[in-house]
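# Results of the structural survey
This is what each chain is made of:
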Amino acid sequence: MTTMNLPIVSSCSVDGCSYNHDHDCHAGAITVTGSAGAACGTFVHTADKGGVDAHGHVGACHRADCRHNDHLECTASGVDVGAGADPADCLTFAPA
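What you see is a predicted model, and the numbers here were worked out from it, not measured in a lab.

Under the definition given, this model contains 2 cavities of 30 Å³ or more. Taken as a whole, the largest cavity holds about 70 Å³ of empty space. Surrounding the largest cavity, 13 residues form its lining, C12, C25, I30, C40 and V81 being those nearest its centre. A breakdown of the residues in the lining of the largest cavity according to their chemical character gives 12 nonpolar, 1 polar and no charged. Taken as a whole, the second largest cavity spans an internal volume of roughly 60 Å³. V32, C61, C66, H68, C74, V79, C90, T92 and F93 are the residues that line the second largest cavity. In terms of residue class, the lining of the second largest cavity is built from 7 nonpolar, 2 polar and no charged.

Rules and cut-offs
- Residues numbered from 1 in each chain as written.
- Predicted model: local features only at pLDDT ≥ 70, side-chain atom pairs only at ≥ 80, totals over all residues.
- Heavy atoms only, no water.
- 1 Å grid on protein atoms, 1.4 Å probe; cavity = no way out; pocket = protein on both sides within 12 Å on 5 of 7 lines; lining within 4 Å.
- Points joined across faces, edges and corners; volume = space filled by probe spheres on them.
- Nonpolar A, V, L, I, M, F, W, Y, C, P; charged D, E, K, R; others polar.

Written as structure tokens, this is what we have:
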């Protein structure tokens, strides 16, 4: 899978994240972690804005128990990030 084929972060409602610009993720690629929830491991709580001049993508997913996970890569067409068990979770997570 090339970076051109990585799923996009369709929306992000986490206002306190450095990569969130007007509800669009601008991280080059986020990592969904395998913690208790499906947390966005790229979440950075700061007023400083960072990231790239494009939509963020899903670079890796540590939740092997998600139906969209194939060899730790996300196969969803896009993901939504927002508050869940953590301040920033992958809301597209679906148990396999």
